[in-house]
Amino acid sequence: MMKVLLINGSPNAKGCTYTALTEVASTLEAEGIETELIHVGHKDIRGCIGCRKCHTTGKCVFDDLVNETASKFEESDGIVIGSPVYYASANGTLISFLDRLFYSTSFDKSMKVGASLVSARRGGCTATFDELNKYFTISNMPIASSQYWNQVHGNTPEEVKKDIEGCQIMRTLGRNMAFLIKSIALGKEKYGLPEKEPFTPTNFIR
Ligand SMILES: Cc1cc2nc3c(=O)[nH]c(=O)nc-3n(C[C@H](O)[C@H](O)[C@H](O)COP(=O)(O)O)c2cc1C
């Protein structure tokens, strides 16, 4: 069965970000895709120290939720990252988690579908949305989009539910993501994954 991981980057287990993620998840489920939600934002997750040990071991030296999530991510067909907007940016704990998750894992993420969503009282949504999407665009991952940038507005889940357009954007995202995942599965069968060139790092040295 196809599967999507959903990451709640808010410290609030059942807050606004969760409410938006749930709207996406139930749409994915209705489309026959299994979902699993992982709560990250309340955890004590430190940032990457750039030790590069993961290059040899294939996992992070800090053996916490990052390594636990890595195997689930490997088995998933897609991932949805949700964050509350903090000072026009993503939640710091979530960024520490994502830096370490994406940097420490060497499995092929090609054509796993990514999507991100943000929740804010008022401002900083698109900057945060762009920040989160950058993990996908360095990982050969196509991004599922919606009818608008994936944002909901509110300080409480009740306010988010009153954001009728925001909730619709989440459901559209779920349907578009399901379609992409199913289409990619067919495409992989018919054409296989795109050919990869050997990596040629140049580090701006000439
Ligand atoms: C430290 C902090 C910074 C915040 N910065 C912003 C901000 O820049 N723009 C905004 O509209 N809301 C801001 N908020 C409000 C939250 O983004 C908003 O309430 C969000 O929906 C909370 O989601 P949650 O219930 O999932 O935690 C901030 C909240 C906190 C705690």
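See the structure shown above.
Residues numbered from 1 in each chain as written. Predicted model: local features only at pLDDT ≥ 70, side-chain atom pairs only at ≥ 80, totals over all residues. Heavy atoms only, no water.

### Remarks on the sheet that holds strand S2 (residues 34-39)
Part 1 of the reasoning: Taken in spatial order, the five strands line up as S2-S1-S3-S4-S5 in an open sheet, and their pairing is parallel. The open sheet terminates on both sides in strands that have one partner only, identified here as S2 and strand S5 (151-153). Taking each pair of neighbouring strands and ignoring which way they run, the sheet shows an average axis angle of 20°.
Part 2 of the reasoning: This element, helix H3 (residues 65-75), spans strand S1 (3-8), S2 and strand S3 (78-84) of the sheet and lies at about 170° to S2.
Part 3 of the reasoning: Against the sheet, helix H7 (residues 164-191) touches S1, S3, strand S4 (113-120) and S5, its axis set at about 170° to S4. (Pairing = 2+ DSSP bridges. Helix = DSSP H or I, 4+ residues; strand = E, 2+ residues; numbered from the N terminus. Axes fitted to C-alpha atoms, helices over the stretch in contact; angles between N-to-C directions. Contact = heavy atoms within 4.5 Å.)

### A word on the pairing of S2
Part 1 of the reasoning: Across six bridges, the pairing between S1 and S2 is parallel. From the neighbouring strand, isoleucine 7 faces S2, where its bridge partner is isoleucine 38.
Part 2 of the reasoning: This β-α-β element, S1 to helix H1 (residues 16-30) to S2, shows right-handed connectivity. (Right-handed = clockwise from strand over helix to strand, strands pointing away.)

### Observations regarding the packing of aromatic side chains
How two aromatic rings sit relative to each other is set out by the distance from centre to centre and by the angle between their planes.
Part 1 of the reasoning: Per the stated rule, a full pass over the model turns up four aromatic pairs.
Part 2 of the reasoning: Residues phenylalanine 73 and phenylalanine 107 carry aromatic rings whose centres are separated by 5.5 Å and whose planes lie at 85° to one another, so their mutual orientation is edge-to-face. Residue phenylalanine 73 is located in helix H3, and its partner phenylalanine 107 is located in the loop between helix H4 (92-104) and S4; the two are separated by 34 residues in the primary sequence. This pair shows no difference in class: phenylalanine 73 is buried, exactly as phenylalanine 107 is. (Phe/Tyr/Trp six-rings, centres within 6.5 Å; stacked < 30°, edge-to-face > 60°. Buried < 20%, exposed > 50% of the residue type's maximum accessible area, 1.4 Å probe, protein only.)

### Some remarks on the site of the ligand
Part 1 of the reasoning: The full set close to the ligand counts 17 residues, and Ser10, Thr17, Ser119, Arg122 and Asn155 are the nearest of them.
Part 2 of the reasoning: In this structure, glycine 154 approaches the ligand through a main-chain N or O atom, which is 2.7 Å from an oxygen atom.
Part 3 of the reasoning: Its free accessible area being 640 Å², the ligand has 75% of it covered by the protein chains.
Part 4 of the reasoning: Those elements giving two or more residues to the shell around the ligand turn out to be H1 and S4.
Part 5 of the reasoning: Across the shell around the ligand, the residue classes tally to seven nonpolar, eight polar and two charged. (Near = heavy atom within 4 Å. Polar contact = N/O pair within 3.5 Å; in protein donor to acceptor, adjacent residues only side chain to side chain. Areas by Shrake-Rupley, 256 points an atom, 1.4 Å probe, with all protein chains shown as cover. Nonpolar A, V, L, I, M, F, W, Y, C, P; charged D, E, K, R; others polar.)

### Some points on the packing of H4 against helix H5 (residues 125-137)
Part 1 of the reasoning: The interhelical angle for the contact between H4 and H5, taken along N-to-C directions, is 10°, at an axis separation of 11 Å. Classified by the angle their axes make, H4 and H5 are roughly parallel. Residue-level inspection shows Leu94, Ile95, Leu98, Asp99 and Phe102 of H4 in contact with H5, the latter providing Glu131, Leu132, Tyr135 and Phe136.
Part 2 of the reasoning: Of the residues assigned to the contact of H4 with H5, the class counts are seven nonpolar, no polar and two charged. (Parallel < 35°, antiparallel > 145°, perpendicular 65-115°, else oblique.)

By themselves, these are just geometric observations and shouldn't be taken as functional.
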